[in-house]
Amino acid sequence: RQLNIIRDALKLWPSASTELALQEALDFASRSSGLQKSDSWTAQELRCFGLRMLATHGLEAVDWPAGQWLSMLHTVDHEPGKNHDRTTIEPLRSEDATKLGKLAFQTLQTQLETE
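All values derive from a computational prediction rather than experimental measurement.

Some points on the packing of aromatic side chains
The tally for this structure, following the rule as stated, stands at two aromatic pairs. For the ring pair W13 and F105, a centre distance of 4.9 Å and an interplane angle of 55° mean the geometry is tilted. One end of the pair, W13, is in the loop between α1 (2-11) and α2 (16-33); the other, F105, is in helix α5 (residues 94-114), with 92 residues separating them in the sequence. Side by side, W13 and F105 carry an identical accessibility label, which is buried. Summarising the aromatic geometry, the rings of W64 and W69 are spaced 5.2 Å apart at their centres and angled 55° between planes, so their arrangement reads as tilted. You can call W64 buried: its relative accessible area is 3%. W69 sits in the buried class, given a relative accessible area of 0%.

Below you can see the structure in the form of structure tokens.
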């Protein structure tokens, strides 16, 4: 079931419903940490965003550590000098959230297909 959700979402990435889910996950991560929009995030906020994004798509939580979410962000965000100090990152912009979300779905798809 999870694989079907992932495959369907990736076919149309980003759909209007996916963009809404990503924005909701961004807002949730900020609210749950009590951060203002301009406050720096840690890997924990990034993980919170990722888990919420998966949940809003009806997917189960993954046990990926916060550092894995940070590594995925670095994979999709190639802007030199940005977000590379490993303790804090700039708050996610919606375009970065879209890229990170897609990579998370692809990573989870590969993980589920090999289990």
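Quick look at helix α3 (residues 43-56)
Three- or four-residue spacings in an α-helix give side chains the same orientation, since the helix completes a turn every 3.6 residues. Taking 1.5 Å per residue, 14 residues should reach 20 Å; α3 reaches 20 Å between its end C-alpha atoms and fits that length. Residues of α3 that are buried sit in contact with α2, α4 (66-76) and α5. Immediately downstream of α3, the backbone of G58 shows phi near 80°, a positive value.

Quick look at the nonpolar core
L46, F49, L92 and F105 are the most contacted members of the largest nonpolar core, which totals 34 residues. Secondary structure elements with two or more residues in this core: α1, α2, α3, α4 and α5. The greatest single-element share of this core, amounting to seven residues, is contributed by α5. Those residues within four positions of F105 in sequence are excluded, and the remaining contacts are I6, A9, L10, W13, M53, L54, H57 and L59.

Brief notes about the packing of α2 against α5
Packing of α2 against α5 brings their axes to within 10 Å, and their N-to-C directions diverge by 110°. Judged by the angle between their axes, α2 and α5 are roughly perpendicular. Note on element contacts: α5 touches α2 through S94, A97, T98 and G101, opposite L22, Q23 and L26. Looking at side-chain class alone, the contact of α2 with α5 contains three nonpolar, four polar and no charged residues.

What counts and what doesn't
- Residues numbered from 1 in each chain as written.
- Predicted model: local features only at pLDDT ≥ 70, side-chain atom pairs only at ≥ 80, totals over all residues.
- Heavy atoms only, no water.
- Phe/Tyr/Trp six-rings, centres within 6.5 Å; stacked < 30°, edge-to-face > 60°.
- Helix = DSSP H or I, 4+ residues; strand = E, 2+ residues; numbered from the N terminus.
- Buried < 20%, exposed > 50% of the residue type's maximum accessible area, 1.4 Å probe, protein only.
- Expected span 1.5 Å × (residues − 1).
- Contact = heavy atoms within 4.5 Å.
- Core = buried A, V, L, I, M, F, W, Y, C linked by side-chain atoms within 4.5 Å.
- Axes fitted to C-alpha atoms, helices over the stretch in contact; angles between N-to-C directions.
- Parallel < 35°, antiparallel > 145°, perpendicular 65-115°, else oblique.
- Nonpolar A, V, L, I, M, F, W, Y, C, P; charged D, E, K, R; others polar.

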